[in-house]
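Examining the three-dimensional arrangement
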Protein chains: 2
Amino acid sequence: MAAGTGRKSAAGEDSRVIRTRADVARTALDVLVTEGSDALTHARVAEVAGYSKTTLYSHWPSRFDLLKAALDAIGELPHQEPTDDLRADLIGELTMFRQAVVDRHLDRVLSAMAQWASVETMAEIRDALNTEAQRPIRGMLETAFDGARLEAAISMLAGVVACPSLMFGAVPDDDVIEAAVDIVLDGRKTKRARRDSNP
Amino acid sequence: MAAGTGRKSAAGEDSRVIRTRADVARTALDVLVTEGSDALTHARVAEVAGYSKTTLYSHWPSRFDLLKAALDAIGELPHQEPTDDLRADLIGELTMFRQAVVDRHLDRVLSAMAQWASVETMAEIRDALNTEAQRPIRGMLETAFDGARLEAAISMLAGVVACPSLMFGAVPDDDVIEAAVDIVLDGRKTKRARRDSNP
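Predicted, not measured: the structure shown is a model, and the values here were computed from it. (Residues numbered from 1 in each chain as written. Chains lettered and ligands numbered in written order. Predicted model: local features only at pLDDT ≥ 70, side-chain atom pairs only at ≥ 80, totals over all residues. Heavy atoms only, no water.)

**A few points about the side chain of S165 of chain A**
The condition that has to hold: A run of H or I in DSSP becomes a helix once it reaches four residues, and a run of E becomes a strand once it reaches two; helices and strands are each numbered from the N terminus. By the criterion applied in these results, polar contacts are pairs of N or O atoms within 3.5 Å in which, for protein atoms, one can donate a hydrogen and the other can accept it, and in which residues neighboring in sequence qualify only through two side-chain atoms. Any two residues having at least one pair of non-hydrogen atoms within 4.5 Å are treated as being in contact.
Residue placement: S165 of chain A occurs in helix α8 (residues 147–168). Within polar-contact distance, the side chain of S165 of chain A engages the backbone oxygen of A162 of chain A at 2.9 Å. When sequence neighbours within four positions are dropped, the list of residues in contact with S165 of chain A reads V101, D107, A170 and V171 of chain A together with R126 of chain B.

**Some thoughts on the nonpolar core**
Keep this limit in mind: Here, nonpolar core refers to any group of buried Ala, Val, Leu, Ile, Met, Phe, Trp, Tyr and Cys residues whose side-chain atoms link them within 4.5 Å. Working definition: with a 1.4 Å probe on protein chains only, accessible area under 20% of the residue-type maximum means buried, over 50% means exposed, and in between means partly exposed.
Judged by nonpolar contacts, the single largest core of 121 residues is most densely connected at L141 and L157 of chain A together with L141 and L157 of chain B. Sorting elements by how many residues they give to this core places helix α8 (residues 147–168) of chain B first, with 14 residues. If we skip the residues at most four places from it in the chain, L157 of chain B touches M156 of chain A together with L90, L94, I137, L141, A180, V181 and V184 of chain B.

**Quick notes on the interface of chain B and chain A**
To keep things clear, this is the line we draw: Throughout, the accessible surface (probe 1.4 Å) given up by two parts as they are put together, summed over both, is called the buried area. By convention in these notes, a salt bridge is any Lys or Arg side-chain nitrogen within 4 Å of a carboxyl oxygen on Asp or Glu.
Taken residue by residue, the interface counts 50 residues in chain B and 51 residues in chain A. Both faces combined, the contact of chain B with chain A buries some 4000 Å², and carbon together with sulfur accounts for 60% of it. For chain B, the biggest contributors to the area lost against chain A are Q115, M167 and I183 of chain B; these three give 18% of the whole. Residues D38 of chain A and R63 of chain B are paired through a salt bridge, measuring 2.5 Å at the closest nitrogen-oxygen approach. Our count for the chain B to chain A interface comes out at 18 residue pairs in polar contact (both at pLDDT 80 or more). At the level of secondary structure, the elements contributing two or more residues to the side of chain B that touches chain A comprise α1 (15–35), α6 (106–115), α7 (120–142), α8, α9 (174–186) and α10 (188–197) of chain B.

**Some remarks on the UniProt feature "DNA-binding region" (unreviewed entry) in chain A**
Spelled out, the test is: UniProt positions are given in the numbering used here, feature names are shortened, and annotations may be inferred rather than shown by experiment.
According to UniProt, the feature "DNA-binding region" (unreviewed entry) maps to residues 41–60 of chain A in the numbering used here. The distance separating the terminal C-alpha atoms of residues 41–60 of chain A is 11 Å; by composition the span is 75% helix and 0% strand.

**A short note on the packing of aromatic side chains**
In this description, a pair of aromatic rings is defined by centroid distance and the angle of the planes. All names here are of chain A. What counts is decided by this rule: Pairing of aromatic side chains requires ring centres within 6.5 Å, counting the rings of Phe and Tyr and the six-membered ring of Trp. Pairs whose planes differ by under 30 degrees are stacked, by over 60 edge-to-face, and all others tilted.
Across all of its chains, the model carries two aromatic pairs over all chains by this definition. Judged by centre distance (6.3 Å) and plane angle (25 degrees), the ring pair of F64 and W116 falls under stacked. With F64 in helix α4 (residues 63–72) and W116 in the loop between α6 (106–115) and α7 (120–142), this residue pair connects regions lying 52 residues apart in the sequence.

**Let's talk about the side chain of D89 of chain B**
Residues and elements named next belong to chain B. Positionally, D89 belongs in helix α5 (residues 86–104). At a separation of 2.8 Å, a polar atom in the side chain of D89 contacts the main-chain amide nitrogen of T83. When near neighbours in sequence (up to four residues on either side) are disregarded, D89 contacts Q80, E81, P82, T83 and M140.

**Description of the relation of the copies chain B and chain A**
Defined as follows: Alignment of the copies relies on least squares applied to C-alpha atoms, considering only residues that score at least 70 for pLDDT in both.
The two copies are related by a screw operation: chain B maps onto chain A through 180 degrees of rotation and 0.0 Å of translation along the axis, at an RMSD of 0.0 Å. A rotation of that kind, with that shift, is consistent with a two-fold axis. The overlap is high: 100% of the interface residues of chain B also sit at the interface in chain A, so the same surface is used on both sides.

Okay, here's the thing in structure tokens:
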């Protein structure tokens, strides 16, 4: 139990502890997305991962620590590599987001984080994760929008995938993603018009 | 404890039972939105509402029953009365949705329902509630869109309020709501163009 507390580097940590941490983090994420936030308890994760509750409490004293471990286990999300075709880039990015919702149950992760947001540290972690997840689409849309239209466009395109999954447990078809991107890109004209009239 | 089980009509039910049910449902909703889905237990609701755990278990045998009681306590959401000004109607409807997120913590309700969606009955209740909540904006947008564009527009406008609240615990400013409506209404042209070319 003392292993891993005195020396934090991977080289210094006992390999058994490293494996335990990885096993439990993956299991915690699995329990979170398949059984919901309520099931994320030391007893349930210990049972599924095959470790003792004592081991879990020693590494993750609180349920909040288990949640943080689960979030760490998500890893990096795949993103669309930007090209010079904004429409194709946005469709690609949203299609990858949809795939991550299906494969990694990001809707469950998002709603679990929202449930825990009354814990201040959790709100900070959530904001940081969501800011990072939105960074690519923000970068793409910044080439076409600014101000309120930029913020609206980001929420709207995130929403076309996130809303159906959170509200109905379903993801949008390709044609709905394409329609959303086309509607947003039609809205570009106003920024140009505004720029032309206010040089 | 037997009261209210034999006779279901409001007239037949003991007034004390009716009051208990209403008190506990309101408290369950309050606990859900202020403390999160995990806190929605018989022990916690009994403590806050000032009833015994025995009373709670007799009326709501499972935590799922407590959740259903909490959802019932939300009541009807306020909606924009449609006029002949689609832009104003959409902005009005989204502004009311934003107010309900602030006043009734609908973001917490939505994420709690998503956490419980692995329970099949809960998924059905969630789908029904969300379909009902979206009905007015769907009705407004049906006057301007159909097919994939209609589904995209609904998710996008729901998303402009829901996404910031679920992802960052914040609601959009007026100018972001207006920008979202303007972006979506710019997208109307394509439906007209399609109709003109396919009479």
